[in-house]
Amino acid sequence: MTERAIPWPMMALAVVGFAYMLLPIFVVVLAGLTAGEFLTFPPEGLSLRWVAAFLQSEKYLSAFFFSFRLALMTMVVATILGTAAALFLARSNVVGKAALRAFFLSPVVLPGVVVGFALFAFFIYSGMGLSRTIWGLWIGHILYSTPYVIGTVGAALAAYDDSLEEAARSLGASPWRAFRKVTLPNISQGIQAGSIFAFIVSFGQFEVSLFLSAPNAEPLPIAMYNSLRYQFDPSAAAAGIFAITLVIASVLLTNRLVNIRRLLGRQQGQ
């Protein structure tokens, strides 16, 4: 099938739209490289003084590494739960599967503020003792990140031919061996993409963290927010540079490991 040429007005509109969405990132990077004393744009010259201040700040570095560890822990659990949920939705014949899928994906549809406040209220009134704790924050990040794994693994399963696993079963393989040797390698790209998406979503999550983070364990977005409430120096923008760099590296890794275009193309071709 030949690809149709995109009309130039649509191409121009797409370029303008992407430029508009990337403009805040450009502003944050330049603000973090300013030579001035205050967070202003355009910057008063370029300097690495605030990048060095971030690297010497115990508050920002501890928040950065806490966010990194929290995102890794969230990625592991969200990948397991999301893959299991995607397999269940793809292979079960339960009544109301569409409604169940919408329920699993609802944290993505709902605003993060709503999810964060709902979890905060639930933890308080349930008496579970998870309000403003690391464990409660972890649960919130898992809840918000898992739907991304469900979506990517579901796309991989939609492009997968179940007859391959059935053929392995007919040749004497056990259900677990057939899944591990046949199905899992074929959907591995969707699992890898979902896990990296879960990491990115957890690392940059602000709304849920705002309600659930503990005073002695603040993720980087909350540390930046609290810093800007009381002082307006460019160190918060410098912290944003490192966060943006980590997200870009994660996206490049996803592009390296997973051919999303081919995955979606196979799904559409079915």
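Only a predicted model underlies this, so the values are computations on that prediction, with no experimental measurement involved.

Draft legend 1. Representation of the overall build of the protein within the structure. A count of helices and strands for the protein gives 12 helices and 0 strands. Secondary structure elements of the protein occur, N-terminal to C-terminal, as α-α-α-α-α-α-α-α-α-α-α-α. Across its three principal directions, the C-alpha atoms of the protein cover 70 × 60 × 30 Å. A burial count over the protein gives 39% of its 270 residues as buried. Of all intrachain contacts in the protein linking residues separated by at least 6 positions in sequence, the fraction that spans at least 24 positions is 71%. On the protein, roughly 15,700 Å² of surface is accessible, and the fraction owed to carbon and sulfur atoms is 70%. For the protein, the separation between the mean place of its 17 positive charges and that of its 11 negative charges on side chains is 10 Å.

Draft legend 2. Structural detail: the packing of aromatic side chains. By the definition in use, this model includes 13 aromatic pairs. Between Phe 64 and Phe 65, the aromatic rings sit 5.6 Å apart at their centres with planes inclined by 90 degrees, giving edge-to-face as the arrangement. According to the relative accessible area criterion, Phe 64 is buried, its value standing at 13%. Phe 65 sits in the partly exposed class, given a relative accessible area of 45%. Aromatic pair Trp 135 and Trp 138: ring centres 5.6 Å apart, planes at 50 degrees, arrangement tilted. With Trp 135 and Trp 138 both in helix α6 (residues 134–158), this residue pair falls 3 residues apart, about one helical turn. One aromatic cluster in this structure is built from Phe 54, Tyr 60, Phe 64, Phe 65, Phe 68, Phe 199, Phe 203 and Phe 242. In this structure, Lys 59 is placed above the aromatic ring of Tyr 60, and the distance from its NZ or CZ to the ring centre is 4.7 Å.

Draft legend 3. Molecular detail of the nonpolar core. By size, the foremost hydrophobic cluster in this structure holds 18 residues, and its most contacted members are Phe 54, Tyr 60, Phe 64, Phe 203, Leu 220 and Ala 239. Residue assignment for this core shows that the elements contributing at least two residues are α2 (49–55), α3 (58–91), α8 (175–203), α10 (220–230) and α11 (235–257). When residues no more than four places from it in sequence are discounted, the contact partners of Leu 220 are Tyr 60, Ala 63, Phe 64, Ser 67, Phe 203, Ala 239 and Ala 243.

Draft legend 4. Structural context of the side chain of Ser 145. Note on placement: Ser 145 falls in helix α6. We classify Ser 145 as buried; its relative accessible area is 1%. Side-chain polar atoms of Ser 145 contact the backbone oxygen of His 141, separated by 2.8 Å. Those residues in contact with Ser 145 that sit more than four places away from it in its chain are Thr 74, Ala 78, Ala 198, Val 201 and Ser 202.

Draft legend 5. Spotlight on the environment of Ala 214. Its place among the elements puts Ala 214 in the loop between α9 (207–212) and α10. A residue is classified by how much of its surface remains accessible, and Ala 214, at 5% relative accessible area, is buried. In sequence terms Ala 214 and Ala 173 are 41 residues apart; their C-alpha atoms lie 49 Å from each other. In this view, Ala 214 contacts Arg 132 and Thr 133; residues no more than four positions away in its chain are not counted.

Draft legend 6. The arrangement of the packing of helix α4 (residues 97–109) against α6 in detail. In contact at an axis separation of 7 Å, α4 and α6 are set at 125 degrees when each is read in the N-to-C sense. Between α4 and α6, the interaxial angle falls into the category oblique. As α4 runs across α6, the sense of the crossing is left-handed. Taking contact as the criterion, the partners of Arg 101, Phe 104, Leu 105, Pro 107 and Val 108 in α4 are, on α6, Leu 143, Tyr 144, Pro 147, Tyr 148 and Ile 150. A per-class count over the contact of α4 with α6 returns 9 nonpolar, no polar and 1 charged.

Draft legend 7. Spatial organisation of the confidence of the model for the protein. In the predicted model, the protein carries a mean pLDDT of 81, and the fraction of residues at 70 or more is 93%. Looking across the protein, the model is least confident in helix α12 (residues 260–269), with a mean pLDDT of 49, and most confident in α3, with 90. A low-confidence stretch, residues 264–270 stays under pLDDT 50, and its non-local contacts, those more than four residues away or across chains, total 8 contacts.

Scoring rules and cut-offs
Residues numbered from 1 in each chain as written. Predicted model: local features only at pLDDT ≥ 70, side-chain atom pairs only at ≥ 80, totals over all residues. Heavy atoms only, no water. Helix = DSSP H or I, 4+ residues; strand = E, 2+ residues; numbered from the N terminus. Buried < 20%, exposed > 50% of the residue type's maximum accessible area, 1.4 Å probe, protein only. Contact = heavy atoms within 4.5 Å. Areas by Shrake-Rupley, 256 points an atom, 1.4 Å probe, with all protein chains shown as cover. Lys, Arg positive; Asp, Glu negative; His and termini not counted. Charge placed at Lys NZ, Arg CZ, Asp CG, Glu CD. Phe/Tyr/Trp six-rings, centres within 6.5 Å; stacked < 30°, edge-to-face > 60°. Lys NZ or Arg CZ within 6 Å of the ring centre and 35° of its normal. Core = buried A, V, L, I, M, F, W, Y, C linked by side-chain atoms within 4.5 Å. Polar contact = N/O pair within 3.5 Å; in protein donor to acceptor, adjacent residues only side chain to side chain. Axes fitted to C-alpha atoms, helices over the stretch in contact; angles between N-to-C directions. Parallel < 35°, antiparallel > 145°, perpendicular 65-115°, else oblique. Left-handed = near helix turned anticlockwise from the far one by under 90°. Nonpolar A, V, L, I, M, F, W, Y, C, P; charged D, E, K, R; others polar. pLDDT = per-residue confidence, 0-100.

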